[in-house]
Amino acid sequence: MPTILGQNQYGKAENRVVKITRDGDTHHIKDLNVSVALSGEMDEVHLTGSNANVLPTDTTKNTVYAFAKEYGIESAEQFGIHLARHFVNSQDPIHQARIRIEEYSWERIETSEANSKFIGSDDVKHSFVRKGQETRVSEITYNGSEWQVISGLKDLVVMNSTNSEFWGYIKDKYTTLQEAYDRILATQVSGRWRFNWTDDEQRMPNWERSYEQTKKHMLEAFAETYSLSLQQTLYQMGSRIINNRAEIDEVRFSLPNKHHFLVDLEPFGLKNDNEVYFAADRPYGLIEATILRDGVEPKIPVDMTNL
Ligand SMILES: O=c1[nH]c(=O)c2[nH]c(=O)[nH]c2[nH]1
C-alpha cells in the first residue's frame, strides 16, 4: 500500500530560558518558555532515514540560550523574530520556522518604608513575585466548643536574582553539586498558618487584614533575607510572621527549590556572566518546616497537600 508523508515539523519544545539583566543592583527578568518547530525538505529523514537535512533539535535548544545572551530578550516577539529568521536564513532545507513563546511576568516585591530604611536602601531591587494570583486557602474546624482556623496560600511564585548562596554542605562520594556564592533562589510558596483564636466569646481576628499583612511580612522576609539556604529563608519567613502577627501561633511552609542552572555558553564562544539560566521543573529540592510561637503545640499536619 503506497503511503504519503503529510505535514511534518520538528524542533525542541518548551525551552525554559530565564534572562537576568543587571543594571547596577537593579535587576530585570525575562522568563520565557520557547518552542521551536521547523519544516522544509524533510522527506528523506522520514522516508530513508538520511539526516542530511536535519538541524538537531538539540541545536535549536542551544540557539535559544545563545541568542538570549547575544541579542538579549527585549520582548518575546523580538526574540522569536530573531530565532525564526536565523533558522530559515541559515539552513537551506529549512523553509519555515514557527516559534511559540509563553512569557511569565514578574513584579517587584515592595518592601515597607520602615524595613527599607532598616536595610538601608529604597527598595529591594532583585526580588520578584510572579504575576497571577495565588490561591488562598483556609480550613475551619469546630467540635461544638472549640474552633481551629488554619489559613494559608499556595502557588505564590517568588524569586531573588541575587543574595543567595549555598556552600559548606556535606560532600560524600556521590556529591557533584558545585558550591554557589551567587545563585538564583526561587520557590513556589505553599504556606499555612494557625490562628490562636479558639472561642466565639473572644475577639475574632480581622481575617482579611490578617491575610494581607501575613502575606506582606512573608514576602518582605523573603526579599530581605540574605540567604545561605532555602531552609534559612523559610525560617525567616515564618518567624517574621510569628513576631508580627499576635493572632498566629504556628506557620508551616512547603517550599520547592525551583532550580535555575547557568547555561554553559562557552561552546558557542560566549561568556555567561550570571545572565542566562535554564529553569528546571523537576526534580526539585523540597524544603518543609514548621515555625512555632515558643511554648505552643504543633497542630498543622506535616503533609499539607489535602489542607
Ligand atoms: O537551599 C538549599 N538547601 C538544600 O538543602 C539544598 N540541597 C541542594 O542540592 N541545593 C540546596 N539548596
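For every chain, the first residue of the written sequence is number 1, and numbering continues from 1 along that sequence. Thresholds applied to this predicted model are a pLDDT of at least 70 for local features of residues and 80 or more for the giving and counting of side-chain atom pairs; totals over whole chains, interfaces and linings are not thresholded and use all residues. Calculated side-chain values reflect all of the structure's heavy atoms, with hydrogen atoms and water omitted.

A.B. asks: When you look at the sheet that holds strand β11 (residues 276-279) in this model, what are you seeing that I'm missing?
C.D. replies: In any sheet, the strands associate via hydrogen bonds between backbone groups, in a parallel or an antiparallel arrangement. At least two bridges found by DSSP between two strands is the condition for calling them paired. Helix and strand definitions follow DSSP, with helices as H or I runs of at least four residues and strands as E runs of at least two, each counted in order from the N terminus. Here we have five strands laid out as an open sheet, ordered β3-β2-β1-β11-β10, and antiparallel in their pairing. The sheet is open, and its two borders are formed by β3 (94-104) and β10 (260-262), each paired with just one other strand. Across the sheet, the mean angle from the axis of one strand to that of its neighbour is 35°, orientation sign disregarded. Relative to β11, β10 runs antiparallel, the two sharing three bridges. Looking at β11, one finds that L262 is bridged to Y277. Two residues qualify as a contact provided that any one of their heavy atoms is within 4.5 Å of a heavy atom in the partner residue. For every element, the axis is a line fit to its C-alpha atoms; helices are fit only across the contacting stretch, and the angle between N-to-C directions ranges from 0 to 180 degrees. Where helix α2 (residues 57-70) meets the sheet, its contacts fall on β1 (15-23), β2 (26-40) and β11, and the angle it forms with β1 comes to roughly 10°.

A.B. asks: What's the story with the environment of G152 in this structure? I'm lost.
C.D. replies: Looking at the element boundaries, G152 is found in strand β7 (residues 147-160). Only protein chains enter the accessibility calculation, which uses a 1.4 Å probe. A residue is then buried if its area is under 20% of the maximum for its type, exposed if over 50%, and partly exposed in between. Residue G152 is classed as buried on the basis of its relative accessible area, which comes to 0%. Those residues in contact with G152, other than ones at most four positions away along the chain, are T135, R136, V137, G191, R192, W193 and Y211.

A.B. asks: Explanation requested: a negative patch on the surface in the structure shown.
C.D. replies: Negative charge collects at one region of the surface, where E41, D43, E44 and D92 lie side by side. Positionally, E44 belongs in helix α1 (residues 43-47). Residues enter patches when they are more than 30% accessible in relative terms and free of salt bridges; like-charged ones are connected within 9 Å and nonpolar ones (Val, Leu, Ile, Met, Phe, Trp, Tyr) within 5 Å. The accessible surface values rely on the Shrake-Rupley method and a 1.4 Å probe; as for residues, cover is taken only from the protein chains in view. Take a side-chain nitrogen of Lys or Arg and a carboxyl oxygen of Asp or Glu: if they are within 4 Å of each other, that pair is a salt bridge. In this count, Lys and Arg are taken as positive residues and Asp and Glu as negative ones, while His and the chain termini are left out. Here the site of a charge means atom NZ of a Lys, CZ of an Arg, CG of an Asp or CD of a Glu.

A.B. asks: What is the right way to read the pairing of β7 from this model?
C.D. replies: Strand residues, when the strand is regular, have side chains that alternate between the two faces of the sheet. Of all 14 residues in β7, ten are buried, a share of seventy percent or more. The pairing of strand β5 (residues 127-130) with β7 spans three bridges and is antiparallel. Along β7, the bridge assignment pairs S127 with N160. With eight bridges connecting them, strand β6 (residues 135-142) and β7 associate as antiparallel partners. In the strand pairing of β7, Y142 is matched with W147. A loop of four residues connects β6 with β7, the two strands running antiparallel in sequence, and G144 in this loop sits at a positive phi of about 100°. The pairing of β7 with strand β8 (residues 185-195) spans nine bridges and is classified as antiparallel. Residue L156 lies in a different strand from β8, and its bridge partner there is V189.

A.B. asks: What exactly am I supposed to notice about the site of the ligand here?
C.D. replies: Note on definitions. A residue lies near a molecule or strand when any single heavy atom of the residue is within 4 Å of it. Residues in close proximity to the ligand include F166, L177, R183, S229, L230, Q231 and N257, which together make up its full environment. R183 is positioned such that a nitrogen or oxygen atom in its side chain is 2.7 Å from an oxygen atom of the ligand. Within the complex, the protein chains bury 71% of what would otherwise be the 290 Å² of accessible surface of the ligand. Classification used: nonpolar for Ala, Val, Leu, Ile, Met, Phe, Trp, Tyr, Cys and Pro, charged for Asp, Glu, Lys and Arg, polar for all others including Gly. The residue inventory of the shell around the ligand, partitioned by class, reads three nonpolar, three polar and one charged. Here a polar contact is taken to be a pair of N or O atoms separated by no more than 3.5 Å, where protein atoms must pair a possible hydrogen donor with a possible acceptor and residues adjacent in sequence count only if both atoms sit in side chains.

A.B. asks: What is the right way to look at helix α3 (residues 76-90) in this model?
C.D. replies: Since there are 3.6 residues in each turn of an α-helix, residues three or four apart along the chain are aligned in direction. With 15 residues, α3 should cover 21 Å at 1.5 Å per step; its first-to-last C-alpha distance of 21 Å lies within 8% of that length. Buried residues of α3: A76, Q78, F79, G80, L83, A84 and F87, and no others. Each helix should span, by expectation, one fewer than its residue count multiplied by 1.5 Å.

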